[in-house]
Amino acid sequence: LPPRHMDSVVQIVEALESTDHGFTGTVPELARALGGCSTPGCRAVLGEPPDVPPAPPTLSREQWLLFTQLLQQDAVAPERGAVLAPDGSTVALGPLLAGIEVGLKRAAGWPVPTVEPPVDALYAVTITEVLGTSFLLARDGDGNQATLGPGGCWDDVDDPQNYTLLGPPSPIPDAVANGAMDGVLLGAQVAQAPIPLANLLRGYYGTGNGTEKGRPPSSYRRRDFGMLTGPGKLEEEVAAMLRVLRVLPPTQALLEDVGPEEVVAIARQAAQDFTEVYVECPAIMPRCMWGARPYRGTPKPLTLPLGSVYIHHTFIPSVPCRTFTACAHDMRAMQRFHQDTRGWDDIGYSFVVGSDGYLYQGRGWHWVGAHTKGYNSKGYGVSYVGDFSATLPDPDAIALVRDSLLPCAVRTGRLHRNYTLRGHRQMGPTDCPGNSLFHEIETWHGFK
C-alpha cells in the first residue's frame, strides 16, 4: 500500500476532488461513510453516515484500500487510523476529517444540529466525546487505567506502514489527540473561508514541500489549540457532551449512575489533564522516531525529582535544525559522535531542542546522562541544536524550554519547584552554551 503518510492522503483527496467521483457528498462525508466518525455522539451531531459508495474510478485500488483502512474505526486500537505528518507528528484521520466536515457545513449555512443539551459540534465530533468517555471509563477502574496517550513510533519514517504504541493504550493516544486538535483548528478555519481540502491539508501540514521550507503550521498545533480553546471552554463542552451521551440509547447505561456533580467533576479533570499534557507540556520526539541506536550497557536511573537543569548548545552541528528530517539527522550524528568518538553509552543530553517546534528525547526523564561532568545525576542536561555564541535561538525555541518544558517538569514531579538553572560553563571549563544563549538564560526563572 502507499505509505501511511499525510502526502498519500493529500494525493487521495486531490484525486477525489479532481472530478465528479461518483460520490455525491464531500471527502469528509465519504470518510464518514467509511466509518471515520461512527460513534453515538458523532452520529447524533452529524446524522447517520451515508452509504459506502463503490470504489471511485479516480483512485487506484491501493489508494482506495489505504483510505478505507485509515477510516475504519477500531475502538480497541484507535491509532490504526493514523498517518505520519511531515513535521514528525502522527495524526488520526477520523477526528481530523470530522472537524473539517463541521467547518464546511457551517460555511454552507448548515442549521445547528438539534442535540439536547446543545453542544459545540466542532468539539463534539473531534475531542469531547472521546475525552469524556475516556475519563468516565477510568473512574470505575483500578486507578491504573490510562486516560491519555501514549505516543508511538513508525517502523520506517520514509515508508511508514506500522505504528506501534509505546505503552498501555488509552482511548486517546497521542495520534488521536493530534487529529482532534487539528480537526478543531482546520474546522474553525474552513468555517471562515472554505478552500479545497487538498489545498487546506497541504498548507497546514507542508506536504510535498520538501524539507527546505521550515516549520509548517501543524508544528504550532499545541499553541494554536490552546489560544482557541481555553480550559474553561473544553470543560464546558465535555460536560455538555456527557449529558448528551446520558440520553443516547447506546451510551445510556454508561452514565445511569453518574450524578450531575460527578459529570462536572469528570469534565473538569478531563479538560485539566488534556490541557496539561497536550497544550502546556511540549511534544517530545521519542528515541525511536529519530532513529536512535540502542543504549550501550545498562542505564543508571535518576532519583526524581531533580534539583537542577544545565543548559547547553551543541556547537556542532552549528546550524539550528528547522525540520523533523534535519533534526532527526542531527540527533543520529550526535549519538554516533558521543558513542563512537567519546566512548559514552549513549547521546549525552537528557533532551535536545530543535528549532522545528519539538524536543528530542536523549537520555530522557529517567536515565543519568553524560552532559555536565560531575553533575549528571543531579540535573537534566538540555541542549539547543546550533552554535549560540553570537546569535540567539529562535524565540519559539527559547519559549519551548523556558515556558513549556521547565514548568511541565515541575508540575509532573520530575523537577523540584525551587530548581536551579545554570549554563554548562558555570559547572566546568567550557564556553557552552555560548555567550548569547548564556546571557539569555540569566533572565530565566531559577537561574543562579
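These numbers come from a predicted model, not from an experiment.

Undergrad: Sorry if this is basic, but what is going on with the side chain of aspartate 120 here?
TA: By secondary structure assignment, the location of aspartate 120 is in the loop between α5 (93–107) and α6 (121–138). The class of aspartate 120 is buried, set by a relative accessible area of 16%. A distance of 3.0 Å separates the side chain of aspartate 120 from the side chain of lysine 233, its partner in a polar contact. Not counting the four nearest positions on each side in its chain, aspartate 120 is found in contact with Arg106, Lys233 and Glu237.

Undergrad: In this structure, what is going on with the UniProt feature "domain: Peptidoglycan recognition protein family" (unreviewed entry) in the protein? I would like to understand it.
TA: Taken from the UniProt record, the annotation "domain: Peptidoglycan recognition protein family" (unreviewed entry) applies to residues 282–428. For the annotated span residues 282–428, helix accounts for 27% and strand for 21% of the residues, and the straight-line distance between the end C-alpha atoms is 29 Å.

Undergrad: I would appreciate a short explanation of helix α12 (residues 260–280) in the present structure.
TA: One full turn of an α-helix is made of 3.6 residues, so residues set three or four places apart face in the same direction. With 21 residues, α12 extends 28 Å between its outermost C-alpha atoms, agreeing within 8% with the 30 Å of an ideal straight helix rising 1.5 Å per residue. All buried positions along α12 are accounted for by Val263, Ile266, Ala267, Ala270, Ala271, Phe274, Thr275 and Tyr278. Looking at the buried side of α12, the elements it contacts are α6, α7 (174–192), α9 (221–228), α10 (231–247) and α11 (252–255).

Undergrad: Please explain the packing of α9 against α12 as it appears in this structure.
TA: For any two helices packed against each other, the geometry is given by the interaxial angle and the distance between the axes. Where α9 contacts α12, the axes come no closer than 8 Å and their chain directions differ by 135°. Classed by the angle they form, the pair α9 and α12 counts as oblique. Along the contact surface, α9 presents Arg222, Phe225 and Gly226, while α12 presents Phe274, Val277, Tyr278 and Val279. Broken down by class, the residue content of the contact of α9 with α12 amounts to five nonpolar, one polar and one charged.

Undergrad: What is the right way to look at the packing of α6 against α7 in this model?
TA: Running from N to C, α6 and α7 cross one another at 160°; their axes reach a closest spacing of 8 Å. The angle between the axes of α6 and α7 places the two elements in the roughly antiparallel class. By crossing handedness, the relation of α6 to α7 is classed as right-handed. Facing Leu122, Tyr123, Thr126 and Ile127 of α6, the residues of α7 in contact are Ala180, Gly183, Val184, Gly187 and Ala188. Considering only residue class, the contact of α6 with α7 consists of six nonpolar, three polar and no charged.

Undergrad: Sorry if this is basic, but what is going on with a negative patch on the surface here?
TA: On the surface, Asp155, Asp156, Asp158 and Asp159 cluster together into a patch of negative charge. When you line up the elements, aspartate 155 lands in the loop between β3 (152–154) and β4 (163–165).

Undergrad: Any chance you could explain the state of the cysteines here in plain terms?
TA: Think of a disulfide as a covalent bridge from one cysteine sulfur atom to another cysteine sulfur atom. Enumeration according to the criterion identifies four disulfides in this entry. In this model cysteine 153 forms its disulfide with cysteine 288; the gap between the sulfur atoms is 1.8 Å. Looking along the S-S bond of the cysteine 153-cysteine 288 disulfide, the torsion reads about 70°, which is the right-handed sense. Placement of the pair is cysteine 153 in strand β3 and cysteine 288 in helix α13 (residues 287–290), with a sequence separation of 135 residues. Given the relative accessible area of 7%, cysteine 153 is considered buried. Cysteine 288 sits in the partly exposed class, given a relative accessible area of 37%. Covalently, cysteine 321 is tied to cysteine 327 through a disulfide, its sulfur atoms 2.1 Å apart. The sign of the 100° torsion about the S-S bond sets the cysteine 321-cysteine 327 disulfide as right-handed. Judged on exposure class, the residue cysteine 321 and its partner cysteine 327 are both buried.

Procedures and definitions
Per chain, residues are indexed from 1 in the order of the written sequence. Where totals are concerned, whole chains, interfaces and linings use all residues; where local detail is concerned, this predicted model gives features only for residues with pLDDT of at least 70, and gives and counts side-chain atom pairs only at 80 or more. Side-chain measures were taken over the full set of non-hydrogen atoms in the model, leaving aside hydrogen atoms and water. Put simply, DSSP marks the helices as runs of H or I at least four residues long and the strands as runs of E at least two long, and each gets a number from the N terminus on. For every residue, the accessible area (1.4 Å probe, protein chains only) is compared with the maximum for its type, and the residue is labelled buried under 20%, exposed over 50%, or partly exposed between those bounds. Polar contact criterion, stated in full: a pair of N or O atoms within 3.5 Å, where within protein one must be able to donate a hydrogen and the other to accept it, and residues adjacent in sequence count only if both atoms are side-chain atoms. Here, residues are in contact when the closest pair of their heavy atoms is within 4.5 Å. UniProt positions are given in the numbering used here, feature names are shortened, and annotations may be inferred rather than shown by experiment. The span one expects for a helix is its residue count, reduced by one, times 1.5 Å. What counts as an axis is a line fitted to C-alpha atoms, over the stretch in contact for a helix, and the angles between N-to-C directions run from 0 to 180 degrees. Should an angle fall under 35 degrees it is called roughly parallel, over 145 degrees roughly antiparallel, and 65 to 115 degrees roughly perpendicular, with every other angle called oblique. All residues other than Ala, Val, Leu, Ile, Met, Phe, Trp, Tyr, Cys, Pro, Asp, Glu, Lys and Arg, Gly among them, are scored as polar; the first ten of these are nonpolar and the last four charged. For any pair of crossing helices, the crossing counts as left-handed if the nearer helix is rotated counterclockwise from the farther one by less than a right angle, and right-handed if it is rotated clockwise. The residues that make up patches have over 30% relative accessible area and no salt bridge, and they are joined within 9 Å when like-charged or within 5 Å when they are Val, Leu, Ile, Met, Phe, Trp or Tyr. Computed with the Shrake-Rupley method and a 1.4 Å probe, the accessible areas treat only the protein chains shown as cover for residues. The term salt bridge refers to a side-chain nitrogen of Lys or Arg lying within 4 Å of a carboxyl oxygen of Asp or Glu. Under the convention used here, Asp and Glu are negative, Lys and Arg are positive, and both His and the chain ends fall outside the count. To locate a charge, take atom NZ for lysine, CZ for arginine, CG for aspartate or CD for glutamate. Two cysteine sulfurs form what is called a disulfide whenever their separation falls within 2.5 Å.

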